Amino acid sequence: MLGIGKGKSFDPSVQDPTAKEWRLIERVVMANTNELKRGRRWGIFFKILTFIYLFILMAIFISSSDIGNVEKATGGHTAVIDVQGVIADGKTAGADTVVSSLRAALKHSDTKAVILRINSPGGSPVQSSYIYNEIMRLRGLNPEVPIYSVISDSGASGAYYIAAATQAIYANGASIVGSIGVTAAQFGFEELLNKIGVERRQFTSGEHKAFLDPYAELKPEEKEIFEALLNDVHQQFIDDVKAGRGDRLKFDDKTFSGLFWTGRQALEMGLVDGLKSTSELAREIGFERIVDFTYRPSPLESFASSLGVSMAEALVKITSSNELKLQ
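Just so it is clear, the model here is predicted, and its values are computed rather than measured. (Residues numbered from 1 in each chain as written. Predicted model: local features only at pLDDT ≥ 70, side-chain atom pairs only at ≥ 80, totals over all residues. Heavy atoms only, no water.)

**So, the environment of Glu-134**
The following threshold applies: Labels follow the DSSP assignment, with helices taken as runs of H or I lasting at least four residues and strands as runs of E lasting at least two, numbered in each case from the N terminus. Only protein chains enter the accessibility calculation, which uses a 1.4 Å probe; a residue whose area is less than 20% of its type maximum is buried, one above 50% is exposed, and one in between is partly exposed. Throughout, a contact is declared for two residues whenever any of their heavy atoms are within 4.5 Å. Between N or O atoms, a polar contact is any pair within 3.5 Å; within protein, one atom must be a potential hydrogen donor and the other a potential acceptor, and residues adjacent in sequence are included only when both atoms are from side chains.
Summarising the element assignment, Glu-134 is placed in helix α3 (residues 125–141). Overall, Glu-134 belongs to the buried group, its relative accessible area being 10%. Separated by 39 residues in sequence, Glu-134 and Ala-95 have C-alpha atoms that sit 9.1 Å apart. Discounting chain neighbours no more than four positions away, the residues touching Glu-134 are Val-99 and Arg-103. A polar contact is formed between the side chain of Glu-134 and the side chain of Arg-137, at a distance of 2.7 Å.

**Some remarks on the packing of aromatic side chains**
What counts, and what does not: Working definition: a ring pair exists when centres of Phe, Tyr or Trp rings (six-membered ring for Trp) sit within 6.5 Å. Plane angles under 30 degrees give stacked, over 60 give edge-to-face, the rest tilted. Charge-over-ring contacts are defined here by two conditions on Lys NZ or Arg CZ: a distance within 6 Å of the ring centre and an angle within 35 degrees of the ring normal.
Evaluation of the coordinates by the stated rule reveals four aromatic pairs. Here the aromatic rings of Tyr-161 and Phe-237 are separated by 4.6 Å at their centres, their planes lie at 10 degrees, and the arrangement is stacked. Note that Tyr-161 is positioned in helix α4 (residues 158–163) and Phe-237 in helix α6 (residues 220–245), a separation of 76 residues in sequence. Aromatic ring contacts, followed pair by pair, group Tyr-132, Tyr-161 and Phe-237 into a single cluster. Directly above the aromatic system of Phe-251 lies the positively charged group of Lys-242, at a separation of 4.8 Å from the ring centroid.

**Structural notes on a nonpolar patch on the surface**
Selection criterion: Residues form patches when they are more than 30% accessible in relative terms and have no salt bridge. Like charges link within 9 Å. Nonpolar side chains (Val, Leu, Ile, Met, Phe, Trp, Tyr) link within 5 Å. The accessible surface values rely on the Shrake-Rupley method and a 1.4 Å probe; as for residues, cover is taken only from the protein chains in view. What makes a salt bridge here is a side-chain nitrogen of Lys or Arg within 4 Å of a carboxyl oxygen of Asp or Glu, nothing more.
A cluster of nonpolar side chains, contributed by Trp-42, Phe-45, Phe-46 and Leu-49, occupies part of the molecular surface with about 450 Å² of accessible area. When you line up the elements, Trp-42 lands in helix α1 (residues 17–63).

**Considerations on the pattern of salt bridges**
Tallying each qualifying case throughout the model produces eight salt bridges. Residue Glu-134 is joined to Arg-103 by a salt bridge in which the shortest nitrogen-to-oxygen separation is 3.2 Å. Here Arg-103 lies in helix α2 (residues 95–107) and Glu-134 lies in helix α3, a separation of 31 residues in the sequence. By relative accessible area, Arg-103 is classed as partly exposed at 44%. Asp-273 serves as the salt-bridge partner of Arg-248, at 3.3 Å between the closest nitrogen and oxygen. Within this pair, whereas Arg-248 is found in the loop between α6 and β8 (260–262), its partner Asp-273 is found in the loop between α7 (263–269) and β9 (274–275), the two being separated by 25 residues in sequence.

**What to know about the confidence of the model for the protein**
The cut-off we apply is this: pLDDT: the predictor's confidence for each residue, scored from 0 to 100.
Mean pLDDT over the protein: 81, with 79% of residues reaching 70 or higher. Throughout residues 64–68 the model reports pLDDT below 50, and contacts reaching past four residues in sequence, or to other chains, amount to twelve contacts. Low pLDDT, under 50, characterises residues 318–327; the stretch is placed with one contact to residues that sit more than four places away or in other chains.

**So, helix α8 (residues 278–285)**
The α-helix advances 3.6 residues per turn, and as a result positions three or four apart in sequence lie on the same side. We count it as follows: By construction, the arc corresponds to the directions joining the helix axis to the C-beta atoms.
Along α8, the residues that are buried comprise Thr-278, Leu-281 and Ala-282. The buried residues of α8 occupy one face: seen down the axis, they fall within an arc of 100 degrees. Buried-residue contacts for α8 involve β3 (77–84), β4 (111–120), β5 (147–156), β6 (168–171) and β10 (290–292). Immediately downstream of α8, the backbone of Gly-286 shows phi near 105 degrees, a positive value.

**What to know about the nonpolar core**
The condition that has to hold: For this analysis, a nonpolar core means a set of buried residues of the types Ala, Val, Leu, Ile, Met, Phe, Trp, Tyr and Cys, connected via side-chain atoms within 4.5 Å.
Judged by nonpolar contacts, the single largest core of 44 residues is most densely connected at Leu-102, Val-114, Ile-135, Tyr-160, Val-177, Val-241 and Leu-271. Considering each element in turn, this core owes the most residues, six residues, to α2. Val-80, Ile-115, Tyr-148 and Val-150 belong to the second largest nonpolar core, which has eight residues in total.

**Comments concerning the packing of α2 against α3**
Helix packing for two helices is described by the angle between their axes and how far apart those axes are. Note the following rule: For every element, the axis is a line fit to its C-alpha atoms; helices are fit only across the contacting stretch, and the angle between N-to-C directions ranges from 0 to 180 degrees. Angle categories are assigned with fixed cut-offs, so that under 35 degrees is roughly parallel, over 145 is roughly antiparallel, 65 to 115 is roughly perpendicular, and the rest are oblique. Two helices that cross are described as forming a left-handed crossing if the nearer one is turned anticlockwise from the farther one by less than a right angle, and a right-handed crossing if clockwise. Ten residue types, Ala, Val, Leu, Ile, Met, Phe, Trp, Tyr, Cys and Pro, are classed as nonpolar, four, Asp, Glu, Lys and Arg, as charged, and the remainder, Gly among them, as polar.
Running from N to C, α2 and α3 cross one another at 15 degrees; their axes reach a closest spacing of 9 Å. Considering the angle they form, α2 stands roughly parallel to α3. The handedness of the crossing between α2 and α3 comes out as right-handed. Where α2 approaches α3, its residues Ala-95, Val-98, Val-99, Leu-102, Arg-103 and Leu-106 are matched on the opposing element by Gln-127, Tyr-130, Ile-131, Glu-134, Ile-135, Arg-137 and Leu-138. Class assignment of the residues belonging to the contact of α2 with α3 gives a composition of nine nonpolar, one polar and three charged.

Right, dumping it as structure tokens:
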């Protein structure tokens, strides 16, 4: 063996420790570089995916079928607006939705008549009154375009309130019509609390601020006050129905009692003017083509609304605390 230096020899099986460390460092650097490349590729992928998602949402929003997508010219049509479900603020049968749809239908130059296609058990007297008053106002502004109502399964309570504002009401022989009354209900738990030994503690600064508290005994005086309130709302309902129906209404002591009738019975009582469907009425009007002007939120609006509700609920949970509140 050839000697190197004094008393030393070269052994190829012995590796240089410094070279081994550099190879280890190189592997770590390469692994980190590859990881960064993979992360960058996934980042680009998710950015593209997000862009595509937003693009699709925008396309749905633009192409969604709402009252703004009605054809500019139809040659003459009968506009139809659905009043379905419970009549309440923020619902599809609420005043904002129905009134906006009505205005859009009457604004269209080819609208020759409007039909409210009603299928509702009623709801808020306030929302019903808003719609009633707006129909009366729009009828005065657009005397050449008649507004009718067609009741399908149900046109009761607040739904009939709305129908009474139109020029004529039609129904099916088996439709539920009427229920001209006002109701409010609650439970009383005061005896239950006494039995289980729970004491109700409530602090108010007004004599009737805890009015109709379900955990306190109902006072005769407060019951009388609340019944007077309901009677006043009921009387407004009656007055508007009488104004809308006029001499066609053949009323007796049961008409405004809160009872409801079939469409055929309602015809005899003057609550409706005939038994027709929406299509039959459109043909009779002379404009068989039906165009739906019912406002319906786009999928994007529905998604945004749901997201907003979820966020609001979360904020309420975060910010809720025990504090005095004016209600």
